[in-house]
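Spelled out from the first residue to the last, the chains are:
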Amino acid sequence: MSDVVEKTLTALPSLLSLDSQPGSAKLSSTSKLGNLIRGITELTSKHEEEKLIQRELTSIKDQVSSPNTSMRQMKELMVRAIYCEMLGYEASFSYIHAIKLAQQGSVLDKRVGYLAVSLFLNESHELLLLLVNTVLKDLQSTNLIEVCMALTVVSQMFPKDMIPAILPLVEDKLNHPKEIIRRKAVLALYKFYLIAPNQVQHIHNKFRKALCDKDPGVMTASLHIYLQLIKENSEGYKDLTASFVTILKQVVGGKLPMDFNYHSVPAPWLQIQLLRILSLLGKNDQSTSEIMYEVLDESLRRAEMNHNITYAILYECVKCIYTIQPKSELLEKAAKCIGNFVLSPKINLKYLGLKALTYVVQQDPKLALQHQMTIIECLDHPDLIIKRETLELLFRITNGQNVTVIVEKMLDFLRISKDDYTTIDLVGKVAELAEKYAPDNEWFIETMNTVFSLGGDMMQPDIPNSFLKLLSEGFDSDEEDRKLRLFAVDSYVSLLQSEPNKLPQRFLQVISWVLGEYSHLSAELEPATVMTLLSKLLDLKHTSSETKSWVLMAMTKLCEGGVAISVAQDIYETHSSSMDTVLRQRAQELQHLSQDSELRGRVLPRDAGLMPLEVDSSLSFLDGFVSEALAAGAAPYKPPHQRQEELAQAKALSLEPYSLSLPISMSSCSIADRQSPTLMSMSSGLSGDSTDLSHKGGSTTLKLDGVKRVWGREGYLAQREPVEETAQVEVPSPLRSPSQQAEADSTQSQTPTPTVTPELEQDKQQLASSLFVGLGSQSSVCLMGKSDPTPQRFRRKAQGRASSSGASEKTPTSLGSTPSPVDNLLCNSLLDSNLVSEPTNQTPQASQSLDTTNGNCHEELTDVKENNPSLIHNNEEPDKPKDLCLSSHLPTELSGLSHSEITPLCSNQSVNLSACHVQKEDSLQLVIFIFNSSDSALQQMQLQVDSGELKLSLITDSPVEEVRSHSVAVCHYSVTVKRPSVHVEVLGMLSYQLPGGTPQTIQFSHKLPLTTFIRPLTLSTEEYGSMWLAFSQDTKQNLTLINDDQDPLTTTLNVLKKKLQLHVVEIIGVEGIVACQLVQDQPCLMHCRVHAGTLAVWLRSPVPDLPDCLLYHCQRALQEH
Amino acid sequence: MIKAILIFNNHGKPRLSKFYEHYTEDTEQQIIRETFHLVSKRDENVCNFLEGGMLIGGSDYKLIYRHYATLYFVFCVDSSESELGILDLIQVKVFVETLDKCFENVCELDLIFHVDKVHNILAEMVMGGMVLETNMNEIITQVDAQNKMEKSEAGIAGAPARAVSAVKNMNLPEMPRNINIGDISIKVPNLPSFK
C-alpha cells in the first residue's frame, strides 16, 4: 500500500501543475475527479458504479449549464465527462460545451475542448458543423500550437461536405516553415483523400513535393498517401519506383541524421513503409522488380539480427522478395531468413516466421519441407495462436495424400477451441479440404459429421448447402454415388439412435433431408423406423421451428406403408394446430400426401434431385384462376410500387372531379398478375421440394462455377489418378511399414534432428512424413515459375482477392503476365498435355532454372525447350492481323458507327480476348471478341460478365458455345449505368474446354471511363430551373478556369462540352448552366459561376455519387486541356 | 491503419480508449470488453499478437498488445501495419517510455488522473490512425512546448503564445506534498513503474 501512496505523491505535483495558482478552488476541482475515481474503485458492483456515475453526470450537467462556470472549471468538467464516457456512460449534454470550449477558450482550454470533441463526436455528427468555423480560425492562427491542434482534429474527423472550405488553408500549410506543421498537413490531406478522393484530385503534384521534402519526417508522412494510392492503382506510380529505391538506399546506408535512429537502426518504420510500397510496385512486373533487387539485397544484409525492429524490417523484406518477380539469389537469402524466424526461440518471431511460411509456401512448398520438424513442434505449442497459424500453414500445403492427417489435426484443435471466430474459420477450411481431397466415402461422411457437430449453428450456411448439393448431384459413377449416400444414411441413423439432442440444428436439418431423400436406398431400413426416429426430433425441446419443418418435409417423402401413415397421422394431429403457420402448412401437406400415394409420387418423385426443375415464371397456369377471380369481382393485382404511389396520392386532397370508372380490361390485369412475386414464391413453396430451394440459395452465394473441385462431378477421378501415380513413383504413402518409413525419412527430412527421446522422435518423424507427403515431388518443380500444387484453390483465392481489393490485380496486363501454374503434370505427362501453359516471357528464365535442377525431370526438359518455339509461334503469329480482322467482326448494326480502339483484355495460348465499345444515344454497346488461336475448336464456351456499377444485357440472340480454330466469336452487350462511380469496371470470366482437355477458365477485367456513359441533356432554362429544385444530391467545388483572351467562361464550358459531351443550356454574364445525363436517364445539372479567377461549380442530381464523379471528370478534362 | 488504441488494467477497467474509426458507444464498450477477454486469458510467455474477434473488421484485424505491470496496452490494427513495428511502438522506446518521461515513472494512477495529457501525447504519436512520429525526443519536445504554454498562461495571462512556445526544456515546479490522500484505496495490489 505504501507503494501506492508513494506513487500518488509523485504523481500529484504534475497533476497540480495544471494550474499554477495554488489555492482552494483548484484543489477542490482536482479532488472532484479524484473523488470520483476513489469512489469508483471502492465500489463492488456494476450497479453501484452506475448509480455513482449517474450522480456525477447530473452534477456535471448542472455545472456546465450554469452561466457562472469559468472556462477553467469547464475544462475540468470536460475531463470528468471524458472519464465517464470512457467508462461507457453517455454524456451527450456535454458535447455542445466541448465545442464551445474549443471555440472560446484560451489555448489550453481549447486543447481540452478539441480533445473532448474528438473523443465524443464522429464524422457524421451534426454538431460538428459548429466546429468548422473554429477550425478555420485556428488554421489561420499565428500560434503554432493552435494550428497543430486544428490539424489534429481535422485528421481525426471532419465533415466531408465541409472539406472544400478548409482545403486551401491545409494546402497552404504544406509550405509552412515548420516541419511538424507540414507533416500534420500531409496527414490531414491523406485523411481527406480517404474520405473524399475527388476533392484532393488536383493536389497530387503537391504530394510529390511532400515526398521530396527536405525533412525526412514530412517525407515519411507522405508515404502513407503513396502506399494508399499505389494500393489502388500501382500502374500509375511505376515512375516513382526509382525514387523510392533511392530513398530506401539512403536510409539503409545511414544517410539520415542520428535523430532518426532507433536502437541504432536507421528509421525502421520508414524502411518498413518503403518495402511495402516496393512490393506493391514490383508485383507482376519484371522491369520494375529489377530496379529493386539491389536495394533489397542491401537491406537484407544490413539488417543484422540484433533487435526486434530489425526483424520487422527483415520480415517485410522477405515478403517483398516473394511478392515481386522472383530472383533466385534473393529467394535463397529470404528462405534462409524465414528459417531464422521459424527456428527462433522468441515466440513473436516464430509467429511471424509461420506467417511468412504460409505466405511463401504456395510458391515454394520445399520450404515447408525444410522446416517440417519445427512445424510439428509448433503443432503442439501451448500457445493457441501459434497452433492456429500452423494449421493455416498446413491448410495451404494439403494435398490428396496428407489430407487425413491434416484434417485430423484441425479437428483436434476445433475440439479445444472456444473462440467463435476461430471455429467458424476452421470449420470452413475443413469442409473445403474434405470436399476437395477426400480419399474415400466413409472418411468424407465422418469428417463432415464432425464438422457439422463442432461447427454447430455458427458455421457459414454454404457448408451444409454445398454438402447437400454434392450428395444430390453425385459423380460419374452411379454405384459410387449410391454407396456414398447409403453410408451417409447409415451413419445418420446410428447418430439419431444414440444422442440426437446433442446435435446442432443445422446438422439435424442436413440429417433429415438426407434421410428423407435417400433412406430408401438402404434395404433393411423400414421407412417407419426412420419416421419414428425423426418424430423424436420433433419432441425435443430445443429443436427450432425451422428444423421442425425440415423434419416434416423429410417425413412427407417417407410416409409409406401402414405404420408410417399412422405415425404421420399422429404428427399431423399434434402439429396441425401449431402456432407457426409454416409448420401447420407442412403438417397439412404431410397429412394429404400420406393419404394419397399417387399424388405424392408425382409431387415428390424419387431421385428428382438431378432433374432440372422447370419453373413457369410467367405463372401462366394461373391465368384461369385469375380470370375467374376477377370475374367474381376481385380487385386486380397491383405491384407494390404502384400501390405505394396510389397511397401517396390518396393522402393528398383530390381537387379533380371524380373520374369515370371504366371496366378494367382483362389483359392488363393478367399482365400485372404475372409479375407477382408473392404468387411465385408460394407456388414454388407448394411444389414441396425443399432441396431445390436450398440449392438455389447455395449456388448463388457460393459461385462454384469457376472452382474445380476434386470431389466434383468432373474433378474427382481425374485428379486422383496423377496423385496416385506420383505417390507410387516418388513418395512414401502415409501408411507404410516402419522399414520403408525410415527410408523415406532419410530422403525427406533435411533439418538436423533435435535430440528427443527416440520413441517420441519416431512419432514425430512419422507424423512429419505423413504431413509433408506429396510435397517432395513438387519441390523439384517449384523453381520454374511458381508452381501451384492446387490449381482450384488458387483460383478461388484469386477470385476473392479480385472482388475485395486491388484494382491493380484486375488489370489485363497483370493477368496476362501471371505465371500460369505449371503443375507436376509437367514431369509426367508433358507430351500429351495441351494443358501445360508456359507464358512465353517466362520461358528463358524457366528453362534456365530447369537446367540447374538436376532431377528426374531432366529428360523431359528438352521437350519443354523443343515444344516452346512452337508455342511462341502460335502465340505471336495471329497477333498482327488480329486488330484488322477483329473490327470486321463487329455486329452489323454497329458497323456503321465509330467504335473505340480495340483493346486486348487477356490471353493465353488458346484464346485471345479483346473488347471495344460504341457509344449510342441510349446506351453503350460493348463488344467482346473471343479469338481462338489454338488449332482445335473451343467447346462448351461460356462467357460471364458482371459489374457492380453497370447493367449488362446480352444482345446477341443466343450465347456462343463453340468457336472453331483460328476464328472469332463476338459477344455483344448493351450497357447502362446502375450506380455511378469514377471508374466503372466489367469483370468477366470465360470458361471453355479444348477437345480432350479439362475445362479451363480465364478471367479478365475491363475498365470503362464514366465519360463514355455521359450524354448531353437538352432542355430549356425553365425546365432546368424546375429540375434543379427537385434534385437532392449536390456538390460544390472550385475548378480552374481556362484563361484565354476572350470569355474564359465560354471557353471553359466549350472545352467541357467537347470533352464530356455536356449540353450548355445558357450562359448569362458570369454564370452558366449546363446539363447532361448518364445513360440511362440519370440527369445531372451543373451551375457554374466565375468567381475570383476560378470557376465555382455546383452540381445537382437525383443520383447519389453522380455529382462527385462528374466533378472528377470535369477536373480531369480541364487539367488535360 | 490503427483502428483503436486501448489501455485497460488487469481487471478490465478502461484507462484510455481512443478509436480512429467511428463505432457506436455500445460497440466501443463491447470492443473493450471483448479485447480484454481475449487478452487477459493469455499467459505471459506467449506471443503478443492475436487474431480474430468479430468486432473490428473481422479477419483483417489484429490485436497487438503488451502487458506492463498492471496495465494492458492494446493496439488494434489492420493488415497494413507491421506487427513487430507496432509492438516496438508500444514498447520501451516510444509510447510507454514517453509516458514515463513525461510523468517521471509513470504508473496507473497517472493515466487515471491525466487522461487528457495522455491523449495529447498519443496525438503527437498517432494522428488519425496513422503513425506520425516514432522518435521519443520529438514527441517530448512537442508535448513540452504545449506544457510550457500551460505554465505561461497561468503565469502571465495572455502572453503571446508563440513567444512562450519557443522556450524549451523547462522543468515542472515541485508542488508541496501536503495533500491528504490517505483514503485512496486502489484495488490493484502493487503499482510498480513500467520499466
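That block above? That's the structure.
Procedures and definitions
Residues numbered from 1 in each chain as written. Chains lettered and ligands numbered in written order. Predicted model: local features only at pLDDT ≥ 70, side-chain atom pairs only at ≥ 80, totals over all residues. Heavy atoms only, no water. Helix = DSSP H or I, 4+ residues; strand = E, 2+ residues; numbered from the N terminus. Expected span 1.5 Å × (residues − 1). Buried < 20%, exposed > 50% of the residue type's maximum accessible area, 1.4 Å probe, protein only. Polar contact = N/O pair within 3.5 Å; in protein donor to acceptor, adjacent residues only side chain to side chain. Axes fitted to C-alpha atoms, helices over the stretch in contact; angles between N-to-C directions. Parallel < 35°, antiparallel > 145°, perpendicular 65-115°, else oblique. Left-handed = near helix turned anticlockwise from the far one by under 90°. Contact = heavy atoms within 4.5 Å. Nonpolar A, V, L, I, M, F, W, Y, C, P; charged D, E, K, R; others polar. Pairing = 2+ DSSP bridges. Core = buried A, V, L, I, M, F, W, Y, C linked by side-chain atoms within 4.5 Å. Phe/Tyr/Trp six-rings, centres within 6.5 Å; stacked < 30°, edge-to-face > 60°. Disulfide = S-S within 2.5 Å.

## Structural notes on helix 21 (residues 384-397) of chain A
All names here are of chain A.
Then, number 1: End to end, helix 21 covers 20 Å across 14 residues, agreeing with the expected 20 Å (1.5 Å per residue, within 8%).
Then, number 2: With 13 of 14 residues buried, helix 21 is to be regarded as a mostly interior element.
Then, number 3: Measuring from the side-chain oxygen of the N-cap residue of helix 21 to the backbone nitrogen of Ile385 gives 3.0 Å; that N-cap residue is Asp383.

## Examining the packing of helix 12 (residues 216-232) of chain A against helix 14 (residues 268-282) of chain A
All names here are of chain A.
Then, number 1: Where helix 12 meets helix 14, the axes come as close as 10 Å, and the angle between the chain directions of the two elements is 25°. One way to sum up the angle between helix 12 and helix 14 is to call them roughly parallel. For the pair helix 12 and helix 14, the sense of crossing is left-handed. Between helix 12 and helix 14, the residues in contact are Met219, Thr220, Leu223, His224, Tyr226, Leu227, Ile230 and Lys231 and Leu270, Gln273, Leu274, Arg276, Ile277, Leu280 and Leu281, respectively.
Then, number 2: Of the residues assigned to the contact of helix 12 with helix 14, the class counts are ten nonpolar, three polar and two charged.

## Here's the deal with the sheet that holds strand 4 (residues 911-919) of chain A
Residue and element names in this part refer to chain A.
Then, number 1: In spatial order, the strands read 3-4-5-8-7; together these five strands make up an open sheet with antiparallel pairing. Since the sheet does not close on itself, it has two edges, and those belong to strand 3 (903-907) and strand 7 (950-954), each with one partner. Neighbour-to-neighbour, the strand axes of the sheet open up by a mean angle of 30°, direction not taken into account.

## A closer look at the sheet that holds strand 5 (residues 71-77) of chain B
All names here are of chain B.
Then, number 1: Ordered by their spatial adjacency, five strands build an open sheet running 2-1-5-4-3, and the pairing between neighbours is antiparallel. A single partner strand is all that each edge strand has here, and the edge strands are strand 2 (14-19) and strand 3 (49-51). For this sheet the average axis-to-axis angle between neighbouring strands, irrespective of direction, equals 20°.
Then, number 2: Two elements, strand 3 and strand 4 (residues 62-68), share three bridges in a ladder whose sense is antiparallel. The residue bridging Glu51 from the neighbouring strand is Lys62, located in strand 4.

## A closer look at the nonpolar core
Soluble globular proteins tend to bury their nonpolar side chains together.
Residue and element names in this part refer to chain A.
Then, number 1: Core analysis: the biggest nonpolar cluster contains 285 residues, and Tyr83, Tyr226, Phe244, Phe467, Val514 and Leu534 have the highest contact counts within it.
Then, number 2: No other element matches helix 16 (residues 308-323), which puts eleven residues into this core.
Then, number 3: Each residue touching Leu534, except ones within four places of it in the same chain, is listed here: Leu496, Ser512, Leu515, Val551, Ala554, Met555 and Leu558.
Then, number 4: Counting 61 residues, the second largest nonpolar core, distinct from the first, contains Leu926, Val984, Val986 and Leu1099.

## Topic: helix 16 of chain A
Then, number 1: A rise of 1.5 Å per residue sets the reference length of helix 16 of chain A, with its 16 residues, at 22 Å; its end C-alpha atoms lie 23 Å apart and thus fit the reference within 8%.
Then, number 2: The buried fraction of helix 16 of chain A is high, at 15 of 16 residues.

## What about the packing of aromatic side chains?
Then, number 1: All chains considered together, the criterion is met by 17 aromatic pairs over all chains.
Then, number 2: Judged by centre distance (5.8 Å) and plane angle (85°), the ring pair of Tyr492 of chain A and Phe507 of chain A falls under edge-to-face. One end of the pair, Tyr492 of chain A, is in helix 26 (residues 478-498); the other, Phe507 of chain A, is in helix 27 (residues 505-518), and 15 residues separate them in sequence. Each member of the pair, Tyr492 of chain A together with Phe507 of chain A, is buried.
Then, number 3: Geometrically, the ring pair formed by Phe8 of chain B and Phe36 of chain B is edge-to-face, given 5.5 Å between the ring centres and 90° between the ring planes. In this pair, Phe8 of chain B is assigned in strand 1 (residues 2-9) and Phe36 of chain B in helix 1 (residues 25-40), connecting sequence segments 28 residues apart. As far as burial versus exposure is concerned, Phe8 of chain B and Phe36 of chain B are alike and both buried.

## Describing the state of the cysteines
Residue and element names in this part refer to chain A.
Then, number 1: Within the structure shown, the criterion is met by zero disulfides over all chains.
Then, number 2: Left without a disulfide partner, Cys337 is nearest to the cysteine sulfur of Cys317, which lies 7.5 Å away.
Then, number 3: For Cys337, a relative accessible area of 8% gives the class buried.

## As for unusual backbone geometry
Residue and element names in this part refer to chain A.
Then, number 1: Within the chain, Ala267 stands out as a residue other than glycine whose phi angle is a positive 30°.
Then, number 2: Positionally, Ala267 belongs in the loop between strand 2 (265-266) and helix 14.
Then, number 3: Even without glycine at this site, Gln1061 takes up a positive phi of about 60°.
Then, number 4: Along the chain, the position of Gln1061 falls in the loop between helix 51 (1048-1060) and strand 13 (1063-1068).
Then, number 5: Looking at Gln1061, the relative accessible area reads 29%, which means it is partly exposed.

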